[in-house]
2 protein chains.
Amino acid sequence: MKVEELLITEAPQNVNLLNGKLGGENVRESIKKLRDLRGIFEDENTRDLMDEDTVVYKVRVHASVESGVEGGLLFGTTYLMPGKVGNEYFLTQGHFHKIGNRAEYYWGIEGDGVLVLMNRNRVCKTEKVQKGSLHYIPANTAHRVVNTGNTILSFGACWPSDAGYDYEEIKQNGFSVRVVEIDGAPAVVSML
Amino acid sequence: MKVEELLITEAPQNVNLLNGKLGGENVRESIKKLRDLRGIFEDENTRDLMDEDTVVYKVRVHASVESGVEGGLLFGTTYLMPGKVGNEYFLTQGHFHKIGNRAEYYWGIEGDGVLVLMNRNRVCKTEKVQKGSLHYIPANTAHRVVNTGNTILSFGACWPSDAGYDYEEIKQNGFSVRVVEIDGAPAVVSML
């Protein structure tokens, strides 16, 4: 019956639950700078005059499976810097998924921000992102995170590896709301 | 342009990053007791003589989408009690997914345990589960967690809502290894 004893090995990956830091195998990083976000902020003239090497966000992904594989999952942490372009807070570019019905989970880790969700009819809603907030991004819902605080906003995410990114739709039509500073506080304003 | 200001609402759900506790909308709980785990432990005679109302584990799921929906995700926390049936540690029943290529993420939150992974050829490997361990469960891989400690083992999970559960395969053929206590310490023994 008991022919052999097998070793119990360490998990090949780890995540710091308190700050989202990923360690171990297969961690990949992508960086978005102001130069990569042309046309994304309302005040493109101001963005153009800012230092285009300014990092807006970094995404670290635990990629145990290649993008595009059906049935797989990816797991990541995004670090969104504090800052503004004009009166508009730093944000992630935002996207629908290429396969429209693919959902995603986000959870807030550190900092303060807003998740903007927009359906195919361009109807938006917003949810506060903060330590321990949990966000379900349903099918056919564009999603963008905005850092409304003075510190790095970090959040975790888990999504299907075949979801893909439809960035073009947002590049061309944007979201129907923007998150801006008014009288020193964040406000969501409709662009319709 | 700015025709209205919209409210920033709280996230409808939350998760305590340190202990995995889910709060807010759509949290569902399922409980597995010793009575639900007939035939799962090696020593069925001992299990049969124990109090069958003993809770072995609880799973709390943030269910924003129904099981079976393609493209959706579920997010949960499992609390696996400490205990043994004979010399075999308390465990989750374990399963392949009904749609074989559906993956899953686990992450350790509290306590000490072992994740047992088994492919379709019945080849097993094990990974330590502990605070901050991160586990990718690939396609066509049965998965079971075993609590080798003296405290509750809790772990988080995210998986596709259409993955489904093939419990029958494990009920009939089990895993090809078991995690047992030998000389006061956990050991993985082959059942082949």
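Description of the structure in this document. Not measured: the values here are computed from a predicted model. (Residues numbered from 1 in each chain as written. Chains lettered and ligands numbered in written order. Predicted model: local features only at pLDDT ≥ 70, side-chain atom pairs only at ≥ 80, totals over all residues. Heavy atoms only, no water.)

### Concerning the packing of aromatic side chains
Here a ring pair, both rings aromatic, is described through the centre-centre distance and the interplanar angle of the planes. Scanning the model with the defined rule gives 15 aromatic pairs over all chains in all. Ring geometry for Tyr105(A) and Phe75(B): centres 5.0 Å apart, planes at 45°, overall tilted. Residue Tyr105(A) is located in strand S9 (residues 104-110), and its partner Phe75(B) is located in strand S6 (residues 73-80); the two belong to separate chains. We classify Tyr105(A) as buried; its relative accessible area is 0%. (Phe/Tyr/Trp six-rings, centres within 6.5 Å; stacked < 30°, edge-to-face > 60°. Helix = DSSP H or I, 4+ residues; strand = E, 2+ residues; numbered from the N terminus. Buried < 20%, exposed > 50% of the residue type's maximum accessible area, 1.4 Å probe, protein only.)

### Focus on the interface of chain B and chain A
Interface size, as often reported, equals the accessible area lost upon joining of the parts. On the chain A side, the residues contacting the 60 residues of chain B number 60 residues. A combined buried area of about 5,100 Å² lies between chain B and chain A, and 60% of that area is made up of carbon and sulfur atoms. When the buried surface of chain B facing chain A is broken down by residue, Ile8(B), Leu17(B) and Leu134(B) rank first, second and third, together holding 14% of it. For the interface between chain B and chain A, the tally reads four salt bridges. Glu10(B) is paired through a salt bridge with Lys128(A); the nearest N and O atoms lie 3.1 Å apart. (Contact = heavy atoms within 4.5 Å. Buried area = accessible area lost by both parts, 1.4 Å probe. Salt bridge = Lys/Arg side-chain N within 4 Å of Asp/Glu carboxyl O.)

### Overview of the side chain of Glu127(A)
For Glu127(A), the position within the fold is in strand S11 (residues 124-129). We classify Glu127(A) as buried; its relative accessible area is 4%.

### Quick look at the sheet that holds strand S12 (residues 133-137) of chain B
Strand pairs in the sheet, formed through backbone hydrogen bonds, run parallel or antiparallel to each other. The strand order across the open sheet built from eight strands is S3(A)-S2(A)-S12(B)-S9(B)-S14(B)-S6(B)-S5(B)-S4(B), with neighbouring strands paired in antiparallel fashion. Two strands close off the open sheet at either side, each with one partner strand: strand S3 (22-24) of chain A together with strand S4 (27-33) of chain B. Ignoring strand direction, the axes of neighbouring strands in this sheet form an average angle of 25°. (Pairing = 2+ DSSP bridges. Axes fitted to C-alpha atoms, helices over the stretch in contact; angles between N-to-C directions.)

### Things to note about the pattern of salt bridges
Side-chain pairing between opposite charges can occur once the charged atoms of the two side chains come close. All names here are of chain B. Considering all chains together, one arrives at 27 salt bridges over all chains under this definition. Measuring nitrogen to oxygen at the nearest pair gives 2.8 Å for the salt bridge that ties Glu52 to Arg47. According to the relative accessible area criterion, Glu52 is buried, its value standing at 17%. Several salt bridges converge on common partners, so that one network encompasses Lys33, Arg35, Arg38, Glu44, Arg47, Glu52 and Asp53.

### Considering empty space enclosed by the protein
Applying the stated criterion across every chain, the model contains four cavities of 30 Å³ or more. Counting residues per element, the lining of the largest cavity draws most heavily on strand S6 (residues 73-80) of chain A, which supplies three residues. Roughly 90 Å³ of internal volume is contained in the second largest cavity. For the second largest cavity, the lining is made up of 13 residues, of which Gly71(A), Arg102(A), Pro160(A), Arg102(B) and Pro160(B) are closest to its centre. Classifying every residue of the lining of the second largest cavity gives four nonpolar, four polar and five charged. (1 Å grid on protein atoms, 1.4 Å probe; cavity = no way out; pocket = protein on both sides within 12 Å on 5 of 7 lines; lining within 4 Å. Points joined across faces, edges and corners; volume = space filled by probe spheres on them. Nonpolar A, V, L, I, M, F, W, Y, C, P; charged D, E, K, R; others polar.)

### Remarks on the relation of the copies chain B and chain A
Take chain B, turn it by 180°, move it 0.0 Å along the axis, and it overlays chain A with an RMSD of 0.0 Å. Those values place the two copies in the arrangement expected of a two-fold rotation axis. Taking C-alpha positions as reference, the residue of chain B nearest the rotation axis is Leu17(B), located at 3.0 Å. (Least-squares fit on C-alpha atoms with pLDDT ≥ 70 in both.)

### Regarding the environment of Ile31(A)
Residue and element names in this part refer to chain A. Mapped onto the secondary structure, Ile31 falls in strand S4 (residues 27-33). For the pair formed by Ile31 and Val55, sequence separation is 24 residues and the distance between their alpha carbons is 7.1 Å. Residue contacts for Ile31: discarding those within four places in its chain leaves Asp36, Val55, Tyr57 and Lys58.

### Focus on the pairing of strand S11 (residues 124-129) of chain B
All names here are of chain B. Direction of pairing for strand S10 (residues 113-118) relative to S11: antiparallel, over a ladder of six bridges. Among the inter-strand pairings, Val116 is bridged to a residue of S11, identified as Thr126. Connecting S10 to the antiparallel partner S11 that follows it, the hairpin turn spans five residues, and Arg122 within it adopts a positive phi of roughly 65°.

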